[in-house]
Amino acid sequence: MSLRLPKYEMYEEGSQLRRSSKGITSCIVEGYGRRRYKSDFIKFLVYAHASCDETILHLNFLNDTHRLNKNEMKSFFDSYN
């Protein structure tokens with residue numbers, strides 16, 4: 001979806017959206033790799049949650065400023081919530 005945005009948004013907000021959504025799984029994986037250390041594990045899960053919140057913020061911004069497929073956006077919001 002982010003690659004279908006207008007060019008000026010694809011490189012700005014679209015890029016932020018892609019990076020924050022990738023950050024969720026990256027933090028979970030890194031935290032799992034450090035699961036021996038409970039505080040590190042928890043820290044990376046907190047980072048993953050923050051990246052998820054950031055992704056929702058970018059989705060809200062795009063939803064408010066562009067005509068996007070409502071069903072597709074609802075699916076994204078449901079998934080990230």
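Described below are features of the structure shown in this document. Per-chain numbering applies: the sequence of each chain, read as written, is numbered from 1 onward. In view of the model being predicted, local features appear only for residues whose pLDDT reaches at least 70, and side-chain atom pairs are presented and counted only at 80 or more, with totals across whole chains, interfaces and linings using the full set of residues. In computing side-chain properties, one takes all heavy atoms of the structure into account and sets aside hydrogens as well as water.

**A look at the nonpolar core**
- Counting 11 residues, the largest nonpolar core is built from Met1, Leu5, Leu17, Ile24, Cys52, Ile56, Leu59, Leu62, Leu68, Met73 and Phe77.
- Taken together, the elements giving at least two residues each to this core come down to α2 (13-33), α3 (38-65) and α4 (70-80).
- Secondary structure elements follow DSSP: runs of H or I no shorter than four residues count as helices, runs of E no shorter than two count as strands, and numbering proceeds from the N terminus. For this core, the element with the highest residue contribution is α3, accounting for 4 residues.
- The contact criterion used throughout is that any non-hydrogen atoms of two residues lie within 4.5 Å. Apart from residues lying up to four places away in sequence, Ile24 is in contact with Ala48, Ser51, Cys52, Thr55 and Tyr80. Nine residue types can take part in a nonpolar core, namely buried Ala, Val, Leu, Ile, Met, Phe, Trp, Tyr and Cys, and a core is a set of them joined through side-chain atoms within 4.5 Å. Whether a residue is buried, partly exposed or exposed follows from its accessible area with a 1.4 Å probe, protein chains only, as a fraction of its type maximum: under 20%, in between, or over 50%, in that order.

**Let's talk about the pattern of salt bridges**
- A pair is scored as a salt bridge if a Lys or Arg side-chain nitrogen falls within 4 Å of a carboxyl oxygen belonging to Asp or Glu. Under the criterion given, the structure shown has 5 salt bridges.
- We note a salt bridge from Glu72 to Arg4, for which the minimum N-O separation is 2.5 Å. Residue Glu72 is found in helix α4, and its partner Arg4 is found in the segment before α1 (7-10); the two are separated by 68 residues along the sequence.
- For Arg4, a relative accessible area of 58% corresponds to the exposed category.

**As for the side chain of His58**
- Counting through the fold element by element, His58 comes out in helix α3.
- In this structure His58 comes out as buried when scored by relative accessible area, which is 8%.
- Residues within four places of His58 in sequence aside, it is in contact with Glu13, Gln16, Leu17 and Ser20.

**Section: α2**
- Multiplying one less than the number of residues by 1.5 Å gives the expected span of a helix. Its 21 residues give α2 an end-to-end C-alpha distance of 30 Å, which sits within 8% of 30 Å, the value for a rise of 1.5 Å per residue.
- Every buried residue belonging to α2 is among Glu13, Gly14, Ser15, Leu17, Ser20, Gly23, Ile24, Cys27 and Gly31, and all of these are buried.
- Packing partners of the buried residues in α2 comprise α1, α3 and α4.

**What to know about the environment of Gln16**
- Among the structural elements, Gln16 can be located in helix α2.
- The spacing of Gln16 and Lys70 is 54 residues in sequence and 21 Å in space, taken between C-alpha atoms.

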